[in-house]
Amino acid sequence: MGSQLGFEVKAKDIGARVGLLEVGGKKIETPALMPVVNPKREVLSPRELAEEFNVPVVMTNAYILLRDEELKKEALDRGVHELLGFDGVVATDSGSFQLMQYGNVLTSNREIIEFQNKIGSNIGSFLDIPSLPDAFRARAEEQLDLTLERAREAKAEADFIVNAGIQGSSYLDLRARAAGEIGRDFRLCAVGGIVGIMEDYRFSDLVNIIATVKRNIPLDRVVHAFGLGHPMVFSLAAALGCDLFDSAAYALYAREGRYLTATGTLHLDNLGYLPCCCPVCSRYGLELKELDKDEMVRELARHNLHVSFGELERVKQAIHEGSLWNLLSVRLRSHPLLLSALESLSEHGEWLSTLDRITGKSSFYYLGPEAEYRTEVINARDRLRRVDSERTIKMPPFGDVPLELTSIYPFVSYMSPDSVEREDVYAPVRDIERLRAMMDYQFGSGAGSLIPERVRIKNSRRTGRMRWVYLDGELIASLRASDNWIIPKKELALRLHERFPYPLLRVSVDDEAKPFVEEGRSVFCKFVLEIDDNLRCMDEVLVVDTDDNLIRVGTLHLSPGEVRDYGRGMAVRVR
Ligand SMILES: [Zn+2]
C-alpha cells in the first residue's frame, strides 16, 4: 500500500509546527501551500509557479484529466509530471469537489484511484463525499459511511500517498468518528468539506472542526486543510496543527477581480491604492486595472500568490521564534467573525497548551484580553503554583507573579501597555532567591532547595544577568541568554534526579538506545519508553535508562503526547 511519507518536526509553537515532509525523495517544508492548477484553464503554468515562487508541490484534478479524452491520453502516456511540465511533488484531487458542486460525478472510486496510480500522482485522493455544512444529519452520516468505505478501498488499492478525506459536515461527533478511523489507517489526513464554512466566515465552526479532527488522530499525522487557501486564516489553521493548504483561490479570485491580502479580500475596482509591494503591484500600480482581461487575471493571480506565500513565511517565522500568538492576536482582529474564533480557541486551550512550547525567544506581548486564552499563559499559570513568594507583581494575564521570576521567560520578555512604569521592580531581589524560585518554576516545588546558600553565581558582564552557577568550584548550571532558562549540568541533574521520584522530569529510553545517548546523541521517539506528562516542549529533561539511572540531560523537542505518537524523529536533543 501507498508510498512512504516522512515527516520531521523542526520547530513548534501552540499546535503549529514547521516540519519537513518527504514525499518520494522530495522535500517540502511545512506549513506548505499547494497552488491548484486547472489543467484545462491554467492561469499560471506549473513551470511559472516553480520559477517565480519556487513551489515544491502543486495540486491538480485527476477527475478533470480523466474526463477529457486528450488530457487523459496524454496523462496516461507521459504521466502527470510530464503533462504539467513539473518535476516537484504532484498531488491530485479525485472529483469530490465536482461531486459536491454538481451532485454526481462520472467515475467510480476504484476507477479514479486506478487512474491516479497510472498517471503517477505522488499524493492522491479517493472519492470522498464532502457533506455540506449543516446537512441533514442522516444524510451526513450516510455520506460519511460511504466515504469510509471508499477509504478502505483506497487503503488496499492506492500506490500513492493517500490524502485521506475526513468528512462529517458540522457534526463534531461524526468528525471525531471519521478522524479516528482515517487517522488509524492513513498518515496524511485531510479535513474536508470546510470550504463552505470558510466562505461563510464561520470561523468558530472551523476551529471546532479542525480541533476535533486533530484530537482524534495520532499527533504525527500530517494534516491538510482541504480547500483552505485564504491567507487570512493561515495563522489560525496552523496554530491548530494544519500542515498543508491548497489554493485554487488565487486564480478563482483573480478571475473576479478579487485582490487578496493577509487580512481579507479587496476588490480591484474599489482600490485607489495598492496596499502591497510585490513585483506585480510595484510594476503596474493601479494600471493593473487597465490591463486586458486575461493579462489582468494572470497578474492578479500572481499578486494573490505573492501575498499567500508571504503570509506563509510570516507564519513559519512566528513558529520558529515562538511568537505565533502575537501574530494571531493581530490577524484575528482582521474581521469581527475571526475574532469569534477566539472563544472556540479558548475551549480547546487546555488541550492546545499540552502541545505548546514552554519557553521561546520572542517577547510576550500583551495585546488585549484574549491573552487570557493564550496557551503559554495556561502553562505559565500552572507552573506559578509551584512557586511560593510573598513579593509579587501584577502581570495580567498571568496574575500575581513572584518578583523572583521576573528574569525568566515569559515574564522577562513581558510587555504590556503599562510596562514602562515598572522598570524599578527588578532591583530588590537577591540572585540566589531568584535562582531558587526559577528552579521551582521550571522543575517543580522543592527544586529551589537544591541550591545551597554557598553557591557562587557569576553574572554576564554585558547584561548583568546571572549566567553561571558554581558549587564548590564546579559548574552546576548555566542560564541561557535568550530566555534565562536554567540549563542544569551533571551535578544539578543528579540532585534533581534524587529529589524528584520517577517518572517526574524524566524521559526513559530502552537499552538499545542507551549507549548512543551516553555518547551525547539525540533520543529518538521510537526509543522512548515513558515520559512525564507534566513536561512541555523545550523543557530540560532527565534522560534515564530502564533502571532509572541518569544518563544525560537534554531539551525536549516535542510535547509528551507527540513523543508517544511519533514513530520516528527526535524526542530529546541531548547536551
Ligand atoms: Zn501585490
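Residues numbered from 1 in each chain as written. Predicted model: local features only at pLDDT ≥ 70, side-chain atom pairs only at ≥ 80, totals over all residues. Heavy atoms only, no water.

1. As for the overall build of the chain
Rule in force here: Numbering goes from the N terminus for both helices and strands, where a helix is a DSSP run of H or I of at least four residues and a strand is a run of E of at least two. The globule rule used for comparison is 2.2 Å times the number of residues to the exponent 0.38, while the radius of gyration itself is calculated over C-alpha atoms. A 1.4 Å probe rolled over the protein chains alone gives each residue an accessible area, and that area as a share of the maximum for its type sets the label: buried under 20%, exposed over 50%, partly exposed in between. We call two residues in contact when some of their heavy atoms are within 4.5 Å. Exposure was quantified through the Shrake-Rupley algorithm and a 1.4 Å probe, taking into account, for residues, occlusion by the shown protein chains and nothing else. Asp and Glu count as negative and Lys and Arg as positive, but His and the ends of the chain are not part of the count. For this purpose, a charge sits on NZ of Lys, CZ of Arg, CG of Asp or CD of Glu.
In terms of helices and strands, the chain carries 22 helices and 27 strands. Its C-alpha atoms give the chain a radius of gyration of 26 Å, near enough to 25 Å, the size a compact globule of 575 residues would have. Oriented by its inertia axes, the alpha-carbon framework of the chain measures out at about 85 × 60 × 45 Å. For the chain, with 575 residues in total, the buried portion stands at 59%. For the chain, the share of sequence-separated contacts (at least 6 apart) that also reach a separation of at least 24 residues comes to 64%. Total accessible area computed for the chain in this model is approximately 23700 Å², and 48% of it derives from carbon and sulfur atoms. Once the 73 positive and 87 negative side-chain charges of the chain are each reduced to a mean point, those two points are 4 Å apart.

2. Quick look at the state of the cysteines
To keep it simple, the criterion reads: Cysteine sulfur atoms that come within 2.5 Å of each other are treated as a disulfide pair.
For the structure shown, the criterion picks out zero disulfides. Cys242 takes part in no disulfide bond, and the closest cysteine sulfur to it belongs to Cys189, at a distance of 11 Å.

3. Overview of the sheet that holds strand β24 (residues 528–531)
Note the following rule: For two strands to be treated as a pair, DSSP must find no fewer than two bridges joining them.
Here we have six strands laid out as an open sheet, ordered β23-β27-β26-β25-β22-β24, and mixed in their pairing. The open sheet is flanked by β23 (523–524) and β24, the only strands paired with a single partner. Strand direction decides the pairing type here: strand β26 (residues 550–556) and strand β27 (residues 570–574), joined by three bridges, are antiparallel. Directly across from Leu556, in β27, lies its bridge partner Val572.

4. So, the domain arrangement of the chain
To be explicit about the condition: Here the limits of each domain have been adopted from an automatic or database domain assignment. Once two parts are brought into contact, the accessible area they lose, counted with a 1.4 Å probe and summed over both, makes up the buried area. Any Lys or Arg side-chain nitrogen found within 4 Å of a carboxyl oxygen on Asp or Glu counts as a salt bridge.
Each assigned domain of the chain is listed with its residue range as follows: domain 1 (5–342), domain 2 (348–487) and domain 3 (501–574). Taking the mean C-alpha position of each, domain 2 and domain 3 sit 24 Å from one another. If you look at the interface, domain 2 gives 16 residues, while domain 3 gives 11 residues. In this assembly, domain 2 packs against domain 3 so that about 1000 Å² is buried in total across both faces, 53% of it on carbon and sulfur atoms. The largest contributions to the domain 2 side of the interface with domain 3 come from Thr354, Leu355 and Phe443, which together make up 35% of the buried area. Connecting domain 2 to domain 3 are one salt bridge. Residues Asp539 and Arg383 are paired through a salt bridge, measuring 2.5 Å at the closest nitrogen-oxygen approach.

5. Let's talk about the packing of aromatic side chains
The criterion, for reference: Pairing of aromatic rings covers Phe, Tyr and the six-membered ring of Trp, with a centre-to-centre limit of 6.5 Å; geometry is then stacked below 30 degrees between planes, edge-to-face above 60, and tilted otherwise. In this scheme, Lys NZ or Arg CZ marks a charge over a ring once it lies within 6 Å of the ring centre and within 35 degrees of the ring normal.
The tally for this structure, following the rule as stated, stands at 10 aromatic pairs. Residues Phe411 and Tyr441 carry aromatic rings whose centres are separated by 5.6 Å and whose planes lie at 70° to one another, so their mutual orientation is edge-to-face. On the criterion of sequence distance, the pair formed by Phe411 in the loop between β16 (399–402) and β17 (414–415) and Tyr441 in helix α19 (residues 431–443) is long-range, its members being 30 residues apart. For the pair Phe411 and Tyr441, one class covers both residues: buried. Three or more aromatic residues joined by ring pairs form one cluster here, namely Phe364, Phe398, Phe411, Tyr414, Tyr441 and Trp485. Sitting over the face of the ring of Phe500, Arg499 holds its NZ or CZ atom 5.3 Å from the ring centroid.

6. Observations concerning the pairing of strand β13 (residues 264–267)
In the sheet, strand β12 (residues 258–261) pairs with β13 via four bridges, with the strands oriented antiparallel. Bridging from a neighbouring strand, Tyr259 pairs with Leu266 of β13. Counted between consecutive antiparallel strands, the loop separating β12 from β13 contains two residues.

7. Quick notes on the coordination of the zinc ion
Note the threshold: For Na, K and Ca the donor cutoff is 3.2 Å, while for all other metals N, O and S atoms must lie within 2.8 Å; water is not among the atoms, so some sites may look incomplete. Sites are called tetrahedral only when four donors show all angles between 85 and 135 degrees, square planar or octahedral only when four or six donors show opposite pairs over 155 degrees and all other angles between 65 and 115, and irregular in any remaining case.
The protein atoms that coordinate the zinc ion are Cys276 (SG), Cys278 (SG), Cys281 (SG) and His303 (ND1), at distances spanning 2.1 to 2.4 Å. Relative to the metal, the four donor atoms surrounding the zinc ion lie at angles of 98 to 116°, and the coordination shape comes out tetrahedral. The buried category is assigned to His303, whose relative accessible area is 0%.

8. A few points about the pattern of salt bridges
Within this structure, the stated rule accounts for 48 salt bridges. A salt bridge links Asp134 to Arg202, with the shortest nitrogen-to-oxygen separation between them at 2.8 Å. With Asp134 in the loop between β7 (123–124) and α6 (137–157) and Arg202 in the loop between α8 (195–199) and α9 (203–215), this residue pair connects regions lying 68 residues apart in the sequence. On the basis of relative accessibility, which here comes to 52%, the residue Asp134 falls in the exposed class. The partner of Lys155 in a salt bridge is Asp185, and the shortest N-O contact between them spans 3.6 Å. With Lys155 in helix α6 and Asp185 in helix α7 (residues 172–185), this pair connects stretches of sequence that are 30 residues apart. A residue is classified by how much of its surface remains accessible, and Lys155, at 33% relative accessible area, is partly exposed. Taken together, the shared-partner salt bridges in this structure form one network comprising Lys10, Glu29, Glu313 and Lys316.

9. Topic: a nonpolar patch on the surface
For clarity, the threshold we go by: In this scheme, patches are assembled from residues that exceed 30% relative accessible area and form no salt bridge. Like charges are connected within 9 Å, while nonpolar side chains (Val, Leu, Ile, Met, Phe, Trp, Tyr) are connected within 5 Å.
On the surface, Val330, Tyr365, Leu367 and Met415 cluster together into a nonpolar patch covering about 350 Å² of accessible area. Among the secondary structure elements, Tyr365 is positioned in strand β14 (residues 364–365). The class for Tyr365 is partly exposed, based on a relative accessible area of 36%.

10. A word on the pairing of strand β3 (residues 26–30)
Pairing of strand β2 (residues 16–23) with β3 involves five bridges; the strand directions are antiparallel. When the bridges of β3 are listed, Leu21 appears paired with Ile28. Between β2 and β3, which pair antiparallel and follow one another directly, the connecting turn spans two residues, one of which, Gly24, has a positive phi of 50°.

11. Quick word on the side chain of Thr107
We apply this condition: Think of a polar contact as two N or O atoms within 3.5 Å of one another; within protein, one of them needs to be a possible hydrogen donor and the other a possible acceptor, and neighboring residues in sequence only count if both atoms come from side chains.
Secondary-structure assignment places Thr107 in the loop between α4 (96–102) and α5 (109–119). On the accessibility criterion, Thr107 (15% relative accessible area) is buried. At a separation of 2.6 Å, a polar atom in the side chain of Thr107 contacts the side chain of Glu111. Not counting chain neighbours up to four residues away, the residues in contact with Thr107 comprise Tyr63, Leu66, Ile112 and Leu127.

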